[in-house]
Every structure is written in C-alpha cells, then in structure tokens.
Amino acid sequence: FATDERAMKHLEYRGYNAVDGTNIINDNAKKKEGGEEEEEEKKKTENKLSSKDAEFGRKAWKRLTQAKLKIVEFVLKSGYDTFLTDVDIVAFHNFMPELIKTSEKNLWMRDGQEVNTGFYFMRKKSSNLNLIEAAFQRIKETHGSHYDQKVINAIMKSSQRNFLLTPDYAN
C-alpha cells in the first residue's frame, strides 16, 4: 500500500504490485446521488494524503497513522496474518520465518511499556478485528485528534501485549 502519490509512482516504477491507498481513510469515498458526484470527486482529491503529511504531530500525520490501521484491517479481513513496518525500520536479516513461528499471538515492538505501531505482526483473528474496530470508534469519538499508537495503547488489554524480544527487536 502506498499512502501518498509519490510513493505509489515509485513502487509502480520499481515494478511492485502496489495498491493506491491515498484515499484509504477518506470518509467521503461513497458516491452520492445526482449531480453531487463531481463535488464528491473534488473532496476525495482534496483529502488525499501527500508526502508532506508525514511531518510528526501534524493533523495530516495523524490521518496517515490512522490509514495504517485501515490497511491492516483490509488485509486481516482478506484472511491473512499481517506484518506492518514503517519505512524507517532497518532489518539486518530476514526475520519473517522466525516471527511467524514464534507465537500464535500478535507480536509488538516495545516502546517503553507501550506497543509500537510502527512494527508489528498481527494474526488474522476476530479479536484483532475487534481491536481495530474499537480503535476506529475511539478515533471517531475524538474527532481524529489521536494517532494510531495512542489509540491502540489506550484500548489494548495487557493480555494482548506480547512484545518481541529485545535486543533482537530494539526500538
């Protein structure tokens, strides 16, 4: 998934099978009836995320982090376990086989006593879809003022916090 147009063009140029996720969190994605379709398309374009939206703490940055949750929800609903990593994570070896066999639970990178939503492995379970649904409900209740990590940590139960081993997976 690419959450900005520049990243999408780069992935296409490199020959990757990529999904354009620039409208992934656009609440206006549903078409309205009658002559409102043009106005709707304009709103969708205005709400697209761009690379400048990645500046930490900005309102658009919060939308970008919320888009990651939408992507994970999409993959889980498609019937797959999901591994998410932010682009600023560096791996020194292929850790996926180890990650997959390590646990039947979700695995999170530690951020102090909280989970880090920039690197995690989530199993395709209904409880995880419930967690994401609760996160979106909290985001709606707070009018989008919180980013994904804050929301997930606020609603997550301690039994759902299964941290990856440190220092192998240091934050």
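The structure reproduced in this document is the subject of the present report. (Residues numbered from 1 in each chain as written. Predicted model: local features only at pLDDT ≥ 70, side-chain atom pairs only at ≥ 80, totals over all residues. Heavy atoms only, no water.)

**Focus on the packing of aromatic side chains**
Stage number 1. Scanning the entire structure with this criterion turns up 8 aromatic pairs.
Stage number 2. Aromatic pair Phe-83 and Phe-119: ring centres 5.2 Å apart, planes at 90°, arrangement edge-to-face. With a gap of 36 residues between them, Phe-83 in strand 1 (residues 82-85) and Phe-119 in strand 3 (residues 114-122) connect regions that are remote in the sequence.
Stage number 3. Three or more aromatic residues joined by ring pairs make a cluster, and in this case those are Phe-83, Phe-95, Phe-119 and Tyr-169.
Stage number 4. Above the plane of the ring of Phe-136 lies Lys-70, whose end atom (NZ or CZ) is 4.7 Å from the centre.
Stage number 5. It is Arg-110 that lies over the ring of Phe-163; its NZ or CZ is 3.9 Å from the centre. (Phe/Tyr/Trp six-rings, centres within 6.5 Å; stacked < 30°, edge-to-face > 60°. Helix = DSSP H or I, 4+ residues; strand = E, 2+ residues; numbered from the N terminus. Lys NZ or Arg CZ within 6 Å of the ring centre and 35° of its normal.)

**Points about the environment of Trp-108**
Stage number 1. Tracing the backbone through its elements, the reader meets Trp-108 in strand 2 (residues 107-111).
Stage number 2. Taking relative accessible area as the criterion, Trp-108 reaches 0% and is therefore assigned buried.
Stage number 3. In terms of polar contacts, Trp-108 uses its side chain to reach the backbone carbonyl oxygen of Gln-160, at 3.3 Å. (Buried < 20%, exposed > 50% of the residue type's maximum accessible area, 1.4 Å probe, protein only. Polar contact = N/O pair within 3.5 Å; in protein donor to acceptor, adjacent residues only side chain to side chain.)

**Details of the side chain of Asp-148**
Stage number 1. By the element assignment, Asp-148 lies in helix 6 (residues 148-155).
Stage number 2. Residues contacting Asp-148, with those up to four places away along its chain left out, are Thr-65, Lys-68, Leu-69 and Thr-117. (Contact = heavy atoms within 4.5 Å.)

**What about the packing of helix 3 (residues 59-77) against helix 5 (residues 126-141)?**
Between two packed helices, the angle of one axis relative to the other and the distance separating the axes together describe the packing.
Stage number 1. Where helix 3 contacts helix 5, the axes come no closer than 10 Å and their chain directions differ by 150°. For the element pair helix 3 / helix 5, the angle class is roughly antiparallel. As helix 3 packs across helix 5, the resulting crossing turns out to be left-handed. Between helix 3 and helix 5, the contacting residues are Gln-66, Leu-69, Lys-70, Val-72, Glu-73, Leu-76 and Lys-77 on the first element and Asn-128, Leu-129, Ile-132, Ala-135, Phe-136 and Ile-139 on the second.
Stage number 2. For the contact of helix 3 with helix 5, the residue count by class is 8 nonpolar, 2 polar and 3 charged. (Axes fitted to C-alpha atoms, helices over the stretch in contact; angles between N-to-C directions. Parallel < 35°, antiparallel > 145°, perpendicular 65-115°, else oblique. Left-handed = near helix turned anticlockwise from the far one by under 90°. Nonpolar A, V, L, I, M, F, W, Y, C, P; charged D, E, K, R; others polar.)

**Describing the pairing of strand 1**
Stage number 1. Residues Thr-82 and Leu-84 of strand 1 are buried on one face, while the alternating residues Phe-83 and Thr-85, pointing to the opposite face, are not.
Stage number 2. In the sheet, strand 1 pairs with strand 3 via 4 bridges, with the strands oriented antiparallel. In the sheet register, Leu-84 faces strand 3, and the bridge partner there is Tyr-120. (Pairing = 2+ DSSP bridges.)

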